[in-house]
Amino acid sequence: MTIQEFVEETLRNDCSGHDKFHAERVAKLAAQLAEQEGLENEQNLIQTAAYVHDVIDIKVVSDVDEAKQALNDVLSQSFTSEDVNHIFEIIEHLSYSKNLDQQYVLSKEGQVVQDADRIDALGAIGIARTFAFGGANQRTMYDPTIKPQKELTQASYQKYEGTTINHFYEKLLKLESMMNTQSGKRIAHERTLYMRQFLDEFYKEWDGQK
Ligand code: ADP
Ligand code: NI
């Protein structure tokens with residue numbers, strides 16, 4: 001099985017914004033960032049880590065250990081064991097929730113992959129993915145009486161059942177200041193402005209001012 005076949009098969013049924021097109025966009029974004037950050041020689045490892053980053057995530061697969069074993073097997077066909085370990089090191093530590101309790105220091109390559117994944121959580125695509133996730137997880141779209149959580153831990157974030165609009169305050173609007181690379185920061189800034197405009201418009205329409 002090729003890496004592409006494995007990813008497409010694993011993400012086939014996802015309706016929560018973690019489908020194969022997310023994987024493809026993140027790989028493409030990572031390639032752009034890698035070029036701008038002078039990591040051309042690591043393009044293959046970076047793009048592959050970006051492309052496979054969600055296939056061992058509990059949100060997407062029911063048996064994480066089985067998924068890890070399968071990913072290890074498929075990566076080992078094209079990468080040295082050192083590179084396979086590096087790819088695992090990246091994708092096991094990049095998620096927002098894992099970095100709430102403690103901050104992992106990622107390699108340069110990992111920082112690019114993390115930025116690429118974060119960028120795909122922002123902008124028009126980010127908005128669409130967030131509402132898709134909310135729907136797939138039976139979340140209320142918005143309830144003005146439910147306020148965003150201030151103190152987030154990995155546990156409280158993962159078991160959280162708040163509204164989709166709150167997710168903007170609990171994660172999405174914070175990402176810009178958390179970006180690792182300069183080139184990533186620029187894109188995150190533009191996309192965050194767009195999301196703020198969306199929220200302004202949303203509240204106006206909600207309040208019947210438009
Ligand atoms: P990570 O993979 O970095 O831990 P998440 O799994 O939290 O990130 O989020 C991936 C994407 O899924 C988010 O960018 C968002 O679009 C969506 N998402 C995650 N949690 C929520 C939530 N509670 N409400 C709405 N969307 C969410
Ligand atoms: Ni992702």
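Residues numbered from 1 in each chain as written. Chains lettered and ligands numbered in written order. Predicted model: local features only at pLDDT ≥ 70, side-chain atom pairs only at ≥ 80, totals over all residues. Heavy atoms only, no water.

J.: How would you sum up the layout of surface pockets? Please name residues and give values.
T.: By volume, the largest pocket amounts to about 970 Å³. Contributing to the lining of the largest pocket are 39 residues, with H18, K59, F133, Y157 and K171 lying nearest its centre. For the lining of the largest pocket, the elements supplying multiple residues, two or more each, are α4 (64–76), α7 (108–119), α8 (123–136), α9 (154–159) and α10 (164–170). Considered class by class, the residues forming the lining of the largest pocket number 12 nonpolar, 15 polar and 12 charged. (1 Å grid on protein atoms, 1.4 Å probe; cavity = no way out; pocket = protein on both sides within 12 Å on 5 of 7 lines; lining within 4 Å. Points joined across faces, edges and corners; volume = space filled by probe spheres on them. Helix = DSSP H or I, 4+ residues; strand = E, 2+ residues; numbered from the N terminus. Nonpolar A, V, L, I, M, F, W, Y, C, P; charged D, E, K, R; others polar.)

J.: Pulling in residues and values, what's your account of the coordination of the nickel ion (ligand 2)?
T.: Every protein donor of the nickel ion (ligand 2) is listed here as H22 (NE2), H53 (NE2), D54 (OD) and D117 (OD), and their distances to the metal cover 2.1 to 2.7 Å. Geometry at the nickel ion (ligand 2) is irregular, judged from its four donor atoms and the angles of 79 to 162 degrees they form at the metal. Spacing between the donor residues of the nickel ion (ligand 2) along their common chain follows H-x30-H-D-x62-D. You can see H53 sitting in the loop between α3 (43–52) and α4 and its partner D117 sitting in helix α7, a full 64 residues away along the chain. (Donors = N, O, S within 2.8 Å, 3.2 Å for Na, K, Ca; no water. Tetrahedral: all angles 85-135°; square planar, octahedral: opposite > 155°, others 65-115°.)

J.: Outline the site of ligand 1, supporting the account with residue identities and numerical values.
T.: Around ligand 1 sit 14 residues, and of these K59, Y96, T130, R139 and Y157 come closest. Between ligand 1 and K59, the relevant distance is 2.6 Å, taken from an oxygen atom to a side-chain nitrogen or oxygen of the residue. The contact in question runs from an oxygen atom of ligand 1 to an N or O atom on the backbone of Y96, over 2.7 Å. Coverage of ligand 1 by the protein chains reaches 94% of its 540 Å² of free accessible surface. (Near = heavy atom within 4 Å. Polar contact = N/O pair within 3.5 Å; in protein donor to acceptor, adjacent residues only side chain to side chain. Areas by Shrake-Rupley, 256 points an atom, 1.4 Å probe, with all protein chains shown as cover.)

J.: Could you give me a rundown of unusual backbone geometry, with the residues and numbers involved?
T.: One non-glycine residue with positive phi stands out, namely Q138, at about 55 degrees. Overall, Q138 belongs to the exposed group, its relative accessible area being 68%. (Buried < 20%, exposed > 50% of the residue type's maximum accessible area, 1.4 Å probe, protein only.)

J.: Explain helix α2 (residues 20–36) to me, and be specific about the residues and the numbers.
T.: With 17 residues, α2 ought to run about 24 Å at 1.5 Å a step, and its terminal C-alpha atoms sit 25 Å apart, in line with that. Within α2 the residues assigned to the buried category are H22, A23, V26, A27, L29, A30, A31, L33 and A34. Two residues or fewer after α2 comes G38, characterised by a positive phi angle close to 70 degrees. (Expected span 1.5 Å × (residues − 1).)

J.: Outline the packing of α2 against α3, listing residues and values.
T.: Each packed pair of helices is defined by two parameters, the angle between the axes and the distance between the axes. Between α2 and α3, the least distance of the axes is 7 Å, while the angle of their chain directions is 150 degrees. In terms of orientation, α2 and α3 fall into the roughly antiparallel class. The interaxial crossing formed by α2 with α3 has right-handed handedness. Residues A23, E24, V26, A27, A30, A31, A34 and E35 of α2 pack against Q43, I46, Q47, A50 and Y51 of α3. Partitioned by chemical class, the residues of the contact of α2 with α3 number nine nonpolar, two polar and two charged. (Axes fitted to C-alpha atoms, helices over the stretch in contact; angles between N-to-C directions. Parallel < 35°, antiparallel > 145°, perpendicular 65-115°, else oblique. Left-handed = near helix turned anticlockwise from the far one by under 90°. Contact = heavy atoms within 4.5 Å.)

J.: Which residues make up the nonpolar core, and what are the values?
T.: In terms of nonpolar packing, the biggest core is built from 55 residues, with I3, V7, V52, V55, L71 and L75 touching the most fellow members. Going through the elements one at a time, α1 (3–10), α2, α3, α4, α5 (81–91), α7, α10 and α11 (182–206) are the ones with two or more residues in this core. Residues within four places of V52 in sequence aside, it is in contact with I3, V7, L71, I87 and I91. (Core = buried A, V, L, I, M, F, W, Y, C linked by side-chain atoms within 4.5 Å.)

J.: Break down the pattern of salt bridges for me, with residues and values.
T.: Counting across every chain of the model gives six salt bridges. The salt bridge involving R12 is made with E9; its shortest N-O contact spans 3.1 Å. According to the relative accessible area criterion, E9 is partly exposed, its value standing at 41%. Connected through salt bridges with shared partners, the residues R25, D120 and R129 form a single ionic network. (Salt bridge = Lys/Arg side-chain N within 4 Å of Asp/Glu carboxyl O.)

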